[in-house]
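Residue strings, one per chain:
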Amino acid sequence: MRGKQIVIAAALIIGIVLLCYSLFIGIMIGVNWFGTDAHTPWHMNNYIVLEGQYAYSIFGLATMVIGGLATGIAISAFFNYNNTKKTKLILTTAFIIALTMTGLGFNTLDFMLGGFYWTNQTYPPPIHMPLIGAIDVWNFYFFFFVVPLWISGFLIASAVVYFNFIYKPLRAAEAYITHKNLSNILHHNAQPKVYIAESKVHWRNQDM
């Protein structure tokens, strides 16, 4: 169980680090949506129109993280030992939310950040990353922003769900079995000795 604790903690820490990093990159490359275009109307569809800053934050960044979170919840179906109807309903709902939020977040970011990787219908110069070198601007956008943003939610949800619904019940079951076995052993040793039969002592008469 010690190894599982380390894996769960590592997944949670990595997820939080990736989330902070991805949000930093998202704000950096989408800085215009928090500055000059912050109040520009953005049409999600013909009925939902938001200011650019809210559309980018809610339907871009947030929904991408939620998509990863929902996927992390749904993936617990592969490790779940209690497949009740309620559990299946929750996991099915999480799977649908995961697909919807991931698609919505990716499309929103793709449209709102088109100017970052496709300026005047041409690719901008490569981005130079420390220890890596020059990276194509699209590859940077996708592999160093979108993917880490989604994976951050996935790792956080997977760690939390596994810890609460799989790891803790297993530990509780092991503790219960251990306690029960010890109780039985102590109870068995504490039982008084029981004699099956008892015979009287007969003294031989000396006159005989």
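Residues numbered from 1 in each chain as written. Predicted model: local features only at pLDDT ≥ 70, side-chain atom pairs only at ≥ 80, totals over all residues. Heavy atoms only, no water.

Please give an account of the overall build of the protein that cites residues and values.
When you go through the protein residue by residue, the secondary structure sums to 5 helices and 4 strands. Taken from the N to the C terminus, the helices and strands of the protein come in the order α-β-β-α-α-α-β-β-α. Within the protein, the proportion of its 208 residues that are buried is 27%. Partitioning the contacts of the protein with sequence separation of at least 6, the portion at a separation of at least 24 is 68%. If you sum the accessible surface of the protein, you get close to 14,600 Å²; carbon and sulfur atoms cover 68% of it. (Helix = DSSP H or I, 4+ residues; strand = E, 2+ residues; numbered from the N terminus. Buried < 20%, exposed > 50% of the residue type's maximum accessible area, 1.4 Å probe, protein only. Contact = heavy atoms within 4.5 Å. Areas by Shrake-Rupley, 256 points an atom, 1.4 Å probe, with all protein chains shown as cover.)

A description of the side chain of Thr71 should follow, citing residues and the corresponding values.
Inspection of the secondary structure puts Thr71 in helix 2 (residues 52–74). A relative accessible area of 19% means that Thr71 is categorised as buried.

Give a detailed account of the packing of helix 2 against helix 3 (residues 85–112), specifying residues and quantitative values.
One can describe the packing of helix 2 onto helix 3 by two numbers: an axis separation of 7 Å at closest approach and a directional angle of 145 degrees. Seen along the crossing, helix 2 lies across helix 3 with a hand that is left-handed. Grouping the constituent residues of the contact of helix 2 with helix 3 by class yields 19 nonpolar, 9 polar and no charged. (Axes fitted to C-alpha atoms, helices over the stretch in contact; angles between N-to-C directions. Left-handed = near helix turned anticlockwise from the far one by under 90°. Nonpolar A, V, L, I, M, F, W, Y, C, P; charged D, E, K, R; others polar.)

Can you explain helix 2? Please cite residues and give values.
Taking 1.5 Å per residue, 23 residues should reach 33 Å; helix 2 reaches 31 Å between its end C-alpha atoms and fits that length. Of all the bends in helix 2, the greatest, near 35 degrees, is centred on Thr63. (Expected span 1.5 Å × (residues − 1). Bend = angle between axes of the 7 residues up to and from the residue.)

Run through unusual backbone geometry, naming residues and quoting values.
Unusually for a residue other than glycine, Leu131 sits at a positive phi of about 70 degrees. Along the polypeptide, Leu131 turns up in the loop between strand 3 (127–129) and strand 4 (133–135).

Go over the packing of aromatic side chains, please, and point to the residues and values.
Considering all chains together, one arrives at 13 aromatic pairs under this definition. Here the aromatic rings of Phe34 and Tyr56 are separated by 5.7 Å at their centres, their planes lie at 80 degrees, and the arrangement is edge-to-face. One end of the pair, Phe34, is in the loop between helix 1 (2–29) and strand 1 (41–43); the other, Tyr56, is in helix 2, with 22 residues separating them in the sequence. Relative to Phe140, the ring of Phe116 lies with its centre 6.3 Å away and its plane at 50 degrees, an arrangement referred to as tilted. Within this pair, whereas Phe116 is found in helix 4 (residues 114–117), its partner Phe140 is found in helix 5 (residues 137–190), the two being separated by 24 residues in sequence. Members of the aromatic cluster, connected to one another through ring pairs, are Phe106, Tyr117, Trp138, Tyr141, Phe142, Phe143 and Phe145. (Phe/Tyr/Trp six-rings, centres within 6.5 Å; stacked < 30°, edge-to-face > 60°.)

An account of the nonpolar core is needed here, citing residue identities and associated values.
Judged by nonpolar contacts, the single largest core of 20 residues is most densely connected at Ile29, Tyr56, Leu109, Leu113, Tyr141, Phe145 and Leu149. Take this core: its biggest share by element is 6 residues, from helix 5. In contact with Ile29, not counting residues within four places along its chain, are Tyr56, Leu113, Phe116, Phe140, Tyr141 and Phe145. (Core = buried A, V, L, I, M, F, W, Y, C linked by side-chain atoms within 4.5 Å.)

Tell me about the packing of helix 1 against helix 2, residues and numbers included.
Where helix 1 meets helix 2, the closest approach of the two axes is 12 Å, and the angle between their N-to-C directions is 155 degrees. Accordingly, the angle class assigned to the pair helix 1 and helix 2 is roughly antiparallel. Helix 2 is crossed by helix 1, and the crossing has right-handed handedness. Residue-level contacts link Leu19, Leu23, Gly26 and Ile29 of helix 1 to Tyr56, Leu61 and Val65 of helix 2. Partitioned by chemical class, the residues of the contact of helix 1 with helix 2 number 6 nonpolar, 1 polar and no charged. (Parallel < 35°, antiparallel > 145°, perpendicular 65-115°, else oblique.)

Describe a nonpolar patch on the surface, and please don't skip the residues or the numbers.
Taken together, the side chains of Leu12, Ile16 and Val160 make up a nonpolar region of the molecular surface, amounting to roughly 220 Å² of accessible area. Tracing the sequence through the fold places Val160 in helix 5. (Patch = residues over 30% accessible without salt bridge, like charges linked within 9 Å, V, L, I, M, F, W, Y side chains within 5 Å. Salt bridge = Lys/Arg side-chain N within 4 Å of Asp/Glu carboxyl O.)

Please set out helix 3 residue by residue, giving values where relevant.
If you check helix 3, its first and last C-alpha atoms are 40 Å apart, about what 28 residues at 1.5 Å a residue would give, namely 40 Å. Buried within helix 3 are the following residues: Leu91, Ala94, Ala98, Met101, Gly105, Thr108, Leu109 and Met112.

Purely geometric numbers; function is a separate question.
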